[in-house]
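# Structural characterization, general
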Amino acid sequence: MITGELKSKIDKLWEEFWTGGITNPLTVIEQITFLMYARLLDMNERRDEKKAERSGQSFNRRFGSHQQSARWESFRHLPAEQMYKVVKDEVFPHFKDVAGEGSLFAEFMKDAQLMIQKPTLLVKAVNMLSELPLQESDMKGDLYEYLLSKLTTAGISGQFRTPRHIIRAIVEMLDPEATHRIADPACGTGGFLATTYEYLLEKYSSEDGVITDTVTNEKGEEVEQKIYLGDLLREHRHHVDTDMFHGFDFDSTMLRIAAMNLVMHGISHPDIHYQDTLSQRFSERFPKAAKDGFDLILANPPFKGALDEEDVDPALLRIVKTKKTELLFVALIMRMLKMGGRSATIVPDGVLFGSSRAHQELRKHLVEDNQLEAVISLPSGVFKPYAGVSTAILIFTKGGETDYVWFYDVKADGRSLDDKRQEIEENDLPDLIEQFKMRDKSVALTEANDRSGKCFWVGKRDIEQNKYDLSLGRYKEHHYEPEEYEHPKEILKRLRGVEAEIDQELKVLEEML
């Protein structure tokens, strides 16, 4: 948790970047990320040097004898102009050297360059980052999450994060296991994958693996904070580090941020790739990922876009013939899942009730050839201030059979639904998670299945008869109580009385003049 003085320092550094001419929040995060990486490289080198001194065993050095000036502790005390030259001409080129051919770091560091133009700004950034306790494993993830939260307030062109509390609710409902292979085909900053890892740390921590710490929050109040060590994940550590998390995106800046986000959270080698997952190239480059590859897919893919059919993987067009990205991504996710694999995917409401042939084909495929578990309607302000579009979460299992679908109507997510998104008391998300875990299909044909309530079941036949319409409003029942109103003649009679009184008062006023 980033609080108090540390939070103020980061906010101040953010302002320094802003006044220093770097106004794109993604660029700010990227530059801070590169500098944190530079410091971590030196910290790890010093740690290994100490180990080597004690054990007498050699290690793979990150800095050659001619690269010692690129080490954090070597350049951080230099005068501004000299430090700027070293960072620009030696530190950033060194990133590419140390990444190694074909490694994850090589992929996201290949275009790394210093965007800071003012040496004085670089000195301020280096001094602030030198004070961060990066040796604490949780600090890197907390710091990164706080930096990413700036994206919700700073605004970026056409791109926005899925709110973390919505992601957290989705992850809790899907309850991932330590042996799962998990993917996001349009990973953005890696929010779904990082939150899943945080959840797993909590789920796989023994009583001894939970540390309670007291920290001071931004209001100066002392609050307790739980740190989950994930000690019960130890036997799965290699899988967690190398084969659990897979992300794809075709925005190279997002790609770098996603990779560093996961590394900072503690996943040493997340599988993050630059890739348009809707293109045929995806199947050619990553055949194991493109089909039957994953146990779990969590995603909020981009919607409201259209592609040329020539660019789309023919395998997806065989599922649904369309140019609409929101439909193609659902088809892609179904293809990427293993048989029995599950997905929670955020879609715009149009996917639920669109009347085009493609919309109906996709929904029919979801219901007839897979097990559609739940449709969760979200309030339309969830993605404000960037978009006011209404959305829903589709939860489904590849294969199997749909007999009943569970619907839930989220009216409030604990934030105001205007552009400010301030915290409020009304919050349906805890109830949503609880009701989802407790849902009981046996009540679907009983009186207990109240379709006027917040959640209810709908049978497959009912959905089929409505052209596979999945919008909650189609099936929710509304009970109306008759209101009794006064007869119009009585209302007119009263109005004439009032008019006569006014007329009388006007006459009195006239006589007084």
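Residues numbered from 1 in each chain as written. Predicted model: local features only at pLDDT ≥ 70, side-chain atom pairs only at ≥ 80, totals over all residues. Heavy atoms only, no water.

### So, the overall build of the chain
To keep it simple, the criterion reads: Strands are runs of DSSP state E lasting at least 2 residues, helices are runs of H or I lasting at least 4, and numbering of each runs from the N terminus. Here a residue-residue contact requires only that any non-hydrogen atoms of the pair lie within 4.5 Å. For every accessible area listed, the method is Shrake-Rupley and the probe measures 1.4 Å; residues are considered covered only by the protein chains on display.
Summing up its helical and strand segments, the chain has 22 helices and 13 strands in all. Here the analysis covers contacts within the chain between residues at least 6 apart in sequence; of these, 72% occur between residues at least 24 apart. On the chain, roughly 26,000 Å² of surface is accessible, and the fraction owed to carbon and sulfur atoms is 48%.

### Describing the pairing of strand 9 (residues 391–397)
Stated precisely, the cut-off is as follows: Buried residues are those whose accessible area, probed at 1.4 Å on protein chains only, stays under 20% of the maximum for their type, while exposed residues exceed 50% and partly exposed ones sit between those limits. Pairing between two strands requires that DSSP report at least two bridges joining them.
Of all seven residues that make up strand 9, seven are buried, and the element is covered over most of its length. Side chains Thr 391, Ile 393, Ile 395 and Thr 397 of strand 9 all project onto a buried face; the interleaved residues Ala 392, Leu 394 and Phe 396 project onto the opposite face, where all are buried too. When strand 8 (residues 371–377) meets strand 9, the two strands line up antiparallel, connected through six bridges. Residue pairing for strand 9: Ala 374 is matched across the bridge by Ile 395.

### Topic: helix 2 (residues 25–55)
The test is simple: Here, expected helix span is obtained from the residue count minus one, scaled by 1.5 Å. Any pair of nitrogen or oxygen atoms within 3.5 Å is treated as a polar contact; in protein, a donor-acceptor pairing is required on top of that, and neighbouring residues in sequence qualify only through side-chain atoms on both sides.
Here helix 2 spans 44 Å end to end across 31 residues, near enough to the 45 Å set by a 1.5 Å rise per residue. Extensive coverage of helix 2 is indicated by the burial of 23 of its 31 residues. N-cap assignment for helix 2: the residue whose side-chain oxygen lies 2.9 Å from the backbone N of Leu 26 is Asn 24. Following helix 2 by one or two positions, Gly 56 has its phi on the positive side, about 80°.

### Thoughts on the pairing of strand 4 (residues 245–249)
Most of strand 4 is tucked away: five of the five residues are buried. Sheet analysis places strand 1 (residues 182–184) next to strand 4, joined by three bridges and oriented parallel. The partner of Ala 183 across the bridge, within strand 4, is His 246. In this structure, strand 4 lies alongside strand 5 (residues 271–274), joined through four bridges in parallel fashion. Bridging from a neighbouring strand, Asp 249 pairs with Tyr 274 of strand 5.

### Some words on the pattern of salt bridges
Selection rule: Any Lys or Arg side-chain nitrogen found within 4 Å of a carboxyl oxygen on Asp or Glu counts as a salt bridge.
In the structure shown here, the tally under the stated rule is 30 salt bridges. For the salt bridge of Asp 243 with Arg 181, the shortest nitrogen-to-oxygen distance reads 3.1 Å. Of this pair, Asp 243 sits in the loop between helix 11 (237–242) and strand 4 while Arg 181 sits in the loop between helix 9 (164–174) and strand 1; the two residues are 62 residues apart in sequence, bridging distant segments of the chain. Residue class for Asp 243 comes out partly exposed when judged on its relative accessible area of 28%. Given the relative accessible area of 19%, Arg 181 is considered buried.

### A few points about the packing of aromatic side chains
To be explicit about the condition: When two rings of Phe, Tyr or Trp (its six-membered ring) have centres within 6.5 Å they constitute a pair, described as stacked for plane angles under 30 degrees, edge-to-face for angles over 60, and tilted for the intermediate range.
Applying the stated criterion across every chain yields a total of ten aromatic pairs. Aromatic pair Tyr 197 and Phe 245: ring centres 6.1 Å apart, planes at 85°, arrangement edge-to-face. Placement of Tyr 197 in helix 10 (residues 191–203) and of Phe 245 in strand 4 is noted, with a sequence separation of 48 residues between them. Between the aromatic rings of Trp 406 and Phe 436, the centroid separation amounts to 5.8 Å while the plane-to-plane angle is 70°, which identifies the pairing as edge-to-face. Here Trp 406 is found in strand 10 (residues 404–409), whereas its partner Phe 436 is found in helix 19 (residues 429–438), with 30 residues between them in sequence.

### Comments concerning the sheet that holds strand 1
Under the convention used in this document: Under this scheme, a helix contributes an axis fitted over its contacting stretch, all axes are lines through C-alpha atoms, and angles between N-to-C directions fall in the 0 to 180 degree range.
Spatially, the nine strands line up as an open sheet ordered 5-4-1-6-7-9-8-10-13, and their pairing is mixed. Each having just a single partner strand, strand 5 and strand 13 (455–459) make up the two edges of the open sheet. Going from strand to strand, the sheet's axes swing by 15° on average, the running direction of each strand aside. Inspection of the sheet shows strand 10 paired to strand 13 by five bridges, in the antiparallel sense. Note that in strand 13 the partner of Tyr 404 across the bridge is Gly 459.

### A short note on helix 18 (residues 357–369)
This is how the line gets drawn: Within this analysis, the arc is defined by the directions that extend from the helix axis to the C-beta atoms.
For helix 18, which comprises 13 residues, the first-to-last C-alpha distance of 17 Å matches the rise-based estimate of 18 Å (1.5 Å per residue) to within 8%. Within the sequence span of helix 18, burial applies to Ala 358, His 359, Leu 362, Arg 363, Leu 366 and Val 367. Across the axial projection of helix 18, the buried residues extend over an arc of 160°, all falling on one side.

### Side note on the nonpolar core
Definition in use: Among buried residues, those of type Ala, Val, Leu, Ile, Met, Phe, Trp, Tyr and Cys that are joined through side-chain atoms within 4.5 Å constitute a nonpolar core.
Counting residues in each nonpolar core, the largest one holds 51 residues, and the members touching the most others are Ile 170, Met 173, Phe 245, Ile 376 and Ile 395. The residues touching Ile 170, leaving out its near neighbours within four places in the chain, are Phe 192, Leu 298, Ala 344, Ile 346 and Ile 393. Of all hydrophobic cores here, the second largest spans 46 residues; its members include Val 330, Val 347, Phe 456 and Val 458.

### Some points on the packing of helix 9 against helix 10
Condition: Working rule for angles: under 35 degrees goes down as roughly parallel, over 145 as roughly antiparallel, 65 to 115 as roughly perpendicular, anything else as oblique. What makes a crossing left-handed is the near helix being turned counterclockwise from the far one by less than a right angle; a clockwise turn instead makes it right-handed. Basically, the charged four are Asp, Glu, Lys and Arg, the nonpolar ten are Ala, Val, Leu, Ile, Met, Phe, Trp, Tyr, Cys and Pro, and anything else, Gly included, counts as polar.
Where helix 9 meets helix 10, the closest approach of the two axes is 9 Å, and the angle between their N-to-C directions is 55°. One finds that helix 9 runs oblique with respect to helix 10. Where helix 9 crosses over helix 10, the handedness of that crossing is right-handed. Of helix 10, the residues touching helix 9 (which contributes Arg 164, Ile 167, Arg 168, Ile 170, Val 171 and Glu 172) are Gly 191, Phe 192, Thr 195, Thr 196, Tyr 199 and Glu 202. Of the residues in the contact of helix 9 with helix 10, the class split is five nonpolar, three polar and four charged.

### What about the environment of Val 223?
For Val 223, the location among the structural elements is in strand 3 (residues 222–228). With a relative accessible area of 25%, Val 223 lands in the partly exposed category. Sequence separation between Val 223 and Asp 213 is ten residues; the distance between their C-alpha atoms is 8.4 Å.

### Some points on the confidence of the model for the chain
Definition in use: For every residue, the pLDDT score states the predictor's confidence, bounded by 0 at the bottom and 100 at the top.
Mean pLDDT for the chain: 86, with 90% of residues reaching 70 or above. Scored below 50 in pLDDT, residues 153–159 makes 15 contacts in the model with residues more than four places away or belonging to other chains.

### Overview of a nonpolar patch on the surface
Filter applied, for reference: For patches, a residue must show more than 30% relative accessible area and have no salt bridge; joins then use 9 Å for like charges and 5 Å for nonpolar side chains, namely Val, Leu, Ile, Met, Phe, Trp and Tyr.
Nonpolar side chains collect at one region of the surface, where Val 498, Ile 502, Leu 506, Val 508, Leu 509 and Met 512 lie side by side and expose about 580 Å² of accessible area between them. Among the secondary structure elements, Ile 502 is positioned in helix 22 (residues 488–512).

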